[in-house]
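# Architecture and fold: a report
Below, each chain spelled out in residue letters.
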Amino acid sequence: MAGTAYVSTAIPYVNAKPHLGFALEIVQADAIARYQRLRGRDTFFMTGSDENSLKNVRAAEAEGITTRELCDRNSQAFQALLPGLNIDASYFIRTSEEMHFKGAQKLWAMSRPEDIYKKHYTGQYCVGCEEFYTEKEAPNGICPEHERPLETVEEENYFFRLTNYQDRLLDLIESGKMRILPAARYNETVAFIRSGLQDFSISRSKQRAGGWGIPVPGDPEQVMYVWYDALANYITGLDFENEAPAYQKYWADCPDKTHVIGKGINRFHTVYWPAMLMSSGLPTPDMVFIHGYLTIEGMKISKSLGNVIDPLVQADKYGIDAVRYYLLRAVSPYADGDYSEDRMRDVYNADLANNLGNLSRRVETLSEKAGYAPAPLDGAPEAPEGFHEAMADYRFNDAVGAILGLSDALNQRIEEVKPWELQKAGNTADLEAFLGEMVEGIRRIAYWVTPFIPGAASQMRETFAGGPVKRSKPLFPRIQ
Ligand SMILES: [Zn+2]
């Protein structure tokens, strides 16, 4: 299938190290990008870091270094996730880079003039969220996300006239032109829009921003609200400023643009962002896929609980594929999930060591003994039943289930046919026919399992690429 596709993660703030919750998101997005590429789609996968936050200014002050030094250092930790989790991203955008500044300013400048106005404003602000809260959303002036007191902020800001977009947003979403998955999040967005939209602040004074951030076009005393500029990354990373070929191909003309985000930032992506794009006369995303939150051993991830798990430490301990596999198979894509090392070992041993790994090992051994040499694979093999249907809705766990089902069936066939008896009896014709059937099945698995466990998939594809089959190193040694 030809065509183009675009996939992105949200860009995390760099004021803390990447935790497992973001690992979930980047692995999900990578699985989508790899799947699109397997289907022959020319796919752009964007990830990056959000660096224009007030939080960075304050963290740098506390450490006695410049904001840029802090961002340079902390952004590295996020860039390290790419090799560390085998993420095949096309570009890592840093919102402190020139291309982003220029692109975000262009997006702003292209807004319809009637959508942006200046107003004196007093509000309750959470620096942690970089968001204003109403009394209803944050009773007693306490941030619901951070459980910390809000700050009173009083200044003149630019506002975006979101109220102009109420009907157009509902139409965009209810017509299915921009899909939202899962259904619970779709309902949340529609209810939010129907409850009545309010204009939102899109700038702050340069002084309050500590001089850090993107100047508002034509008003050097104001910088963009960090959310306005952060959302723009999805196109600035394609060099929107110059409307470069990448922007044309992967955004303007692309029929399949997906944002992968966490449930805490739904509103920004399904309401604010499409409205900003419409105001500037630009195409809106086609899909917003919203994952839940991860707990660790049943507890909320939090620095104060000391249970922040470094995904790269887990990958060192269990293997990159094992961590990716857990996040895609053992965590529901649509609901909150949990990461537990006991369960990690169970899932690894049951699915990877005993099922997939065992299958590959048995067929390698049988083939090598028999001197079996399959013909090279021609084109993409057929996907296991139900696989594409699951991937269309980003039900990664079910897509993996379809692969495991095929692997189970092949393991069972080995028990039924008992190829070692064919070998003992010298029944070469039947043995070769059977091995042909096995290799065909393994090739289907090795191809379509790539989005989930790309390392092991690549090894399997090499082992069964055609020509004499040789035993390779065990794919998934059992964890004791
Ligand atoms: Zn907060």
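These lines cover the structure that appears in this document, whether it is placed above or below. (Residues numbered from 1 in each chain as written. Predicted model: local features only at pLDDT ≥ 70, side-chain atom pairs only at ≥ 80, totals over all residues. Heavy atoms only, no water.)

The end-to-end C-alpha separation of helix α5 (residues 98–110) is 18 Å, in line with the 18 Å expected for 13 residues at 1.5 Å each. What α5 keeps buried is the set H100, G103, A104, L107 and W108. Buried residues of α5 fall within an arc of 140 degrees about the axis and therefore sit on the same side. Of the exposed residues in α5, those oriented more than 90 degrees away from the buried face are E98 and A109. (Helix = DSSP H or I, 4+ residues; strand = E, 2+ residues; numbered from the N terminus. Expected span 1.5 Å × (residues − 1). Buried < 20%, exposed > 50% of the residue type's maximum accessible area, 1.4 Å probe, protein only. Arc of directions from axis to C-beta.)

Let us now look at the packing of helix α6 (residues 166–174) against helix α10 (residues 266–279). Where α6 contacts α10, the two axes come as close as 10 Å, and the packing angle between them is 110 degrees. Considering their axes alone, α6 and α10 lie roughly perpendicular with respect to each other. Two secondary-structure elements touch here, α6 through R168, L169, L172 and I173 and α10 through T270, V271, P274, A275 and M278. Looking at side-chain class alone, the contact of α6 with α10 contains 7 nonpolar, 1 polar and 1 charged residues. (Axes fitted to C-alpha atoms, helices over the stretch in contact; angles between N-to-C directions. Parallel < 35°, antiparallel > 145°, perpendicular 65-115°, else oblique. Contact = heavy atoms within 4.5 Å. Nonpolar A, V, L, I, M, F, W, Y, C, P; charged D, E, K, R; others polar.)

With an omega of -5 degrees, the peptide bond between L181 and P182 qualifies as cis. Residue D239 is not a glycine yet carries a positive backbone phi of 60 degrees. Structurally, the position occupied by D239 is in the loop between α8 (226–236) and α9 (245–252).

In this section: the sheet that holds strand β13 (residues 287–291). With respect to topology, 6 strands assemble into an open sheet ordered β3-β2-β1-β12-β13-β7, the strand pairing being parallel. Single-partner strands in this sheet number two, and they are β3 (91–94) and β7 (179–181). Sheet twist, expressed as the average angle between the axes of neighbouring strands with direction ignored, equals 20 degrees. Here helix α3 (residues 67–79) sits on the sheet in contact with β2 (42–49) and β3, set at roughly 155 degrees to β3. (Pairing = 2+ DSSP bridges.)

Of the protein atoms, only C126 (SG), C129 (SG), C143 (SG) and H146 (ND1) coordinate the zinc ion, at distances of 2.1 to 2.3 Å. Geometry at the zinc ion is tetrahedral, judged from the 4 donor atoms that bind it and their angles of 99 to 115 degrees at the metal. As a motif over one chain, the donors of the zinc ion read C-x2-C-x13-C-x2-H. Taken together, the residues C126 in strand β4 (residues 116–126) and C143 in the loop between β5 (131–133) and β6 (151–160) connect sequence positions 17 residues apart. Take C126 and C143: they sit in the same class, and that class is buried. (Donors = N, O, S within 2.8 Å, 3.2 Å for Na, K, Ca; no water. Tetrahedral: all angles 85-135°; square planar, octahedral: opposite > 155°, others 65-115°.)

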